[in-house]
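Here's the letter readout for the chains.
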Amino acid sequence: MATYLIRKLEQFTALSRDDKAALERAASGKPRRLASREDIFREGDAPGRVNLILDGWACRYKVLEDGRRQIAAFLLPGDLCDLRMFILRQMDHSVGTLSPVTVAEIPKEAILDLTDNYPRISRALWWTSLVEEAIQREWTTNLGQRDALERMAHLLCEVFLRLRAVGLTEGPTCELPVTQAELADATGLSTVHVNRTIQELRARGLVILRGKTLSIPDLDALQDAALFSANYLHLGRIGHEYDANDV
């Protein structure tokens, strides 16, 4: 159940057998299955449990009074939607599915047990929080400074590398179960502009999109076009220096 979460956490700190067993126990409750375009929770809801994405894609978003939506994050398998949100009185944003999704609802008591009694897990969760904040800074930079092609290329590089880190790519190919309207909501572009930008990326041989599948023939070339540096994802196991010996 917690396979992708364990792979994600092990980017930062090696986990012992006991650590992995504790994560599996925490995620072992009855899974909740949602169809595409359903809300996992909505702004204003009282948070109770922490949601772990087991499979499928979701997004963190805000909606204005007139219906305009801003997607603030893509949530992929292994991501915890709301690790610290259970301390809030009500949610200040919504999380909805972009594809059929299965989530594990982890009680807050289980999260507190993990952070209080499993120091390696606690350290790895610190790292994931730091990476989430770094991703948010990059998305802000995308909206404020990068042009349309750079924005789209940057987003595709990020998603591909995040999926590859948890074993969800096959060579240069990964799933991309999002519509152009959802890409527009994530990049601050119109759907027309998104379509033109994707066509330009295709024409330059930087991406191949077939249905819900993305292929990147030359990742270095796409990163160059995006002005992309992967350092903010901290995939180089920077946290490995904090590993325990009993792995």
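Note: the structure precedes this text.
Every value quoted in this text rests on a predicted model; they were computed, and no experiment measured them.

Student: Honestly, the overall build of the protein in this entry has me stumped. Any pointers?
Tutor: Check the secondary structure of the protein and you find eight helices and eleven strands. By the compact-globule yardstick of 18 Å for 247 residues, the protein fits well, its C-alpha radius of gyration being 18 Å. For the protein, restricting intrachain contacts to residue pairs at least 6 apart in sequence, the fraction spanning at least 24 positions comes to 73%. Just so you have it, the protein exposes about 12100 Å², and 49% of that area is on carbon and sulfur atoms. Across the protein, the mean location of the 31 positive side-chain charges is 2 Å away from that of the 35 negative side-chain charges.

Student: Got a minute to help me understand the nonpolar core in this structure?
Tutor: Generally speaking, a soluble globular protein has its nonpolar side chains buried in company with each other. Residues W57, F74, L201 and L222 are the most contacted members of the largest nonpolar core, which totals 46 residues. For this core, the secondary structure elements donating two or more residues are β4 (58-63), β5 (69-75), α4 (119-144), α5 (148-165), α6 (180-187), α7 (191-203) and α8 (219-226). Leaving out residues up to four positions away in the same chain, L222 has contacts with A153, L156, C157, L201, L206, V207 and I216. Among the nonpolar cores identified, the runner-up in size contains 22 residues, and L9, A22, V50 and A124 belong to it.

Student: Help me understand the pattern of salt bridges, please; the structure alone is not making it clear to me.
Tutor: One pass over the structure, following the stated rule, counts 13 salt bridges. For D19, the salt bridge is made with R120, and the minimal N-O distance between the two is 2.7 Å. Taken together, the residues span a long stretch of sequence, with D19 in helix α2 (residues 17-26) and R120 in helix α4 at a distance of 101 residues. Linked by salt bridges that have partners in common, K8, D79, E158 and R162 make up one network.

Student: Help me understand the pairing of strand β7 (residues 101-107), please; the structure alone is not making it clear to me.
Tutor: Within a regular strand, side chains alternate between the sheet's two faces. With respect to burial, β7 is a largely interior element, five of its seven residues being buried. Judged from the three bridges that link them, strand β1 (residues 32-34) and β7 form a sheet pairing that is antiparallel. Bridge assignment links L34 to a residue of β7, and that residue is V101. Here strand β3 (residues 49-55) runs beside β7; their pairing, made up of six bridges, is antiparallel. Bridged to N51 within β7 is E105.

Student: Help me understand the packing of α5 against α7, please; the structure alone is not making it clear to me.
Tutor: For any two helices packed against each other, the geometry comes down to the angle between their axes and how far apart the axes lie. Relative to each other, α5 and α7 sit at 75 degrees, their axes nearing to 9 Å. By the angle between their axes, α5 is roughly perpendicular relative to α7. Together, A148, L149, M152, A153 and L156 of α5 and H193, V194, T197, I198, E200 and L201 of α7 make up the contact between the two elements.

Student: Any chance you could explain the packing of helix α3 (residues 108-117) against α4 here in plain terms?
Tutor: With their axes 5 Å apart at the nearest point, α3 and α4 run at an angle of 105 degrees to one another. Here α3 is positioned roughly perpendicular relative to α4, judged by the angle of their axes. Contacts between α3 and α4 involve L114, T115 and N117 from the former and P119, I121, S122 and L125 from the latter.

Criteria and cut-off values
Residues numbered from 1 in each chain as written. Predicted model: local features only at pLDDT ≥ 70, side-chain atom pairs only at ≥ 80, totals over all residues. Heavy atoms only, no water. Helix = DSSP H or I, 4+ residues; strand = E, 2+ residues; numbered from the N terminus. Rg over C-alpha atoms; globule rule 2.2 N^0.38 Å. Contact = heavy atoms within 4.5 Å. Areas by Shrake-Rupley, 256 points an atom, 1.4 Å probe, with all protein chains shown as cover. Lys, Arg positive; Asp, Glu negative; His and termini not counted. Charge placed at Lys NZ, Arg CZ, Asp CG, Glu CD. Core = buried A, V, L, I, M, F, W, Y, C linked by side-chain atoms within 4.5 Å. Buried < 20%, exposed > 50% of the residue type's maximum accessible area, 1.4 Å probe, protein only. Salt bridge = Lys/Arg side-chain N within 4 Å of Asp/Glu carboxyl O. Pairing = 2+ DSSP bridges. Axes fitted to C-alpha atoms, helices over the stretch in contact; angles between N-to-C directions. Parallel < 35°, antiparallel > 145°, perpendicular 65-115°, else oblique.

Worth remembering: the numbers are spatial, not functional.
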